[in-house]
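The chain contents come next:
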Amino acid sequence: MSSRTKIVVLHMKEIIYTAIFAALALLVIVLLIFMFGTDKKDSAVKNEKQYTPGIYTSTLTLNHTNLEVEVSVDAYKINSIRFSNLDETVTTMFPLIQPAIEEIADQIYETQSPESITLSEDTPYTSQIILDAICEAVEKAAVK
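Attention in this report is confined to the structure presented alongside it.

Calculation criteria
Residues numbered from 1 in each chain as written. Predicted model: local features only at pLDDT ≥ 70, side-chain atom pairs only at ≥ 80, totals over all residues. Heavy atoms only, no water. Helix = DSSP H or I, 4+ residues; strand = E, 2+ residues; numbered from the N terminus. Rg over C-alpha atoms; globule rule 2.2 N^0.38 Å. Buried < 20%, exposed > 50% of the residue type's maximum accessible area, 1.4 Å probe, protein only. Contact = heavy atoms within 4.5 Å. Areas by Shrake-Rupley, 256 points an atom, 1.4 Å probe, with all protein chains shown as cover. Lys, Arg positive; Asp, Glu negative; His and termini not counted. Charge placed at Lys NZ, Arg CZ, Asp CG, Glu CD. Core = buried A, V, L, I, M, F, W, Y, C linked by side-chain atoms within 4.5 Å. Pairing = 2+ DSSP bridges. Axes fitted to C-alpha atoms, helices over the stretch in contact; angles between N-to-C directions.

A few words now on the overall build of the protein. For the protein, the count of helices and strands is five helices and three strands. Seen in sequence order, the protein has helices and strands lined up from the N terminus as α-α-β-β-β-α-α-α. Taken against the 2.2 N^0.38 rule, which gives 15 Å for 144 residues, the C-alpha radius of gyration of the protein at 29 Å runs more than 25% over that of a compact globule. In the protein, which comprises 144 residues, the proportion classed as buried is 24%. The contacts in the protein between residues at least 6 apart in sequence include a share of 48% that link residues at least 24 apart. Counting only carbon and sulfur atoms, one obtains 59% of the accessible surface of the protein, whose full area is about 10900 Å². One way to put it: in the protein the 11 positive side-chain charges average out to a point 23 Å from where the 19 negative ones average out.

This is the structure:
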């Protein structure tokens, strides 16, 4: 009977490096799963219909002039917010009204909600009136 005994010599450095690389590979795989994995809870909320698609308007009055804020939505998100009848006389009287609605609209596009919007310090009162009109139009569009 002959048995051949093999002796394997492992250097401690090689074992440590292998363990470190295996742990890093495992960490990368876990991070990729969390980043790109589908979360059923989020997808269920996103697939839930939030708005009735269409264009909804709300009226606000500035200096005896009625302006209509127009909010365009599809079933899941707010697509656009703009003034539908903004004329030159109103922009002359209120030069910061267009930048104010654009700033509010950008924040709403990002969050998809008129809640927790930061109003401009330059035009706080005008921005609040515009935000109230937008909220009114979004409420009209909301699925009940």
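Turning our attention to the nonpolar core. Of all hydrophobic cores here, the largest spans 26 residues; its most connected members are Val69, Val71, Ile81, Ile130 and Ile134. Every element with two or more residues in this core is listed here: strand S1 (54–62), strand S2 (65–73), strand S3 (78–83), helix H4 (97–111) and helix H5 (124–141). By residue number, the principal contributor to this core is H5, which donates seven residues. For valine 69, the residues in contact, after removing those within four places along its chain, are Tyr56, Thr57, Ser58, Leu60, Ile81, Arg82, Phe83, Ile101, Ala133 and Ile134.

A few words on unusual backbone geometry. In the Ramachandran plot, asparagine 63 falls in the positive-phi region, its phi being about 55° despite a non-glycine side chain. When you line up the elements, asparagine 63 lands in the loop between S1 and S2. Looking at asparagine 63, the relative accessible area reads 47%, which means it is partly exposed.

Right, let's get into the sheet that holds S1. The strand order S1-S2-S3 describes an open sheet built from three strands, whose pairing is antiparallel. Two strands lie at the open edges of the sheet, namely S1 and S3, each paired on one side alone. Averaged over neighbouring strand pairs, the angle between their axes works out to 20° when direction is ignored. Judged from the five bridges that link them, S2 and S3 form a sheet pairing that is antiparallel. Along S3, the bridge assignment pairs glutamate 70 with arginine 82. Contacting S1, S2 and S3, H5 crosses the sheet at an angle of about 150° to S1.

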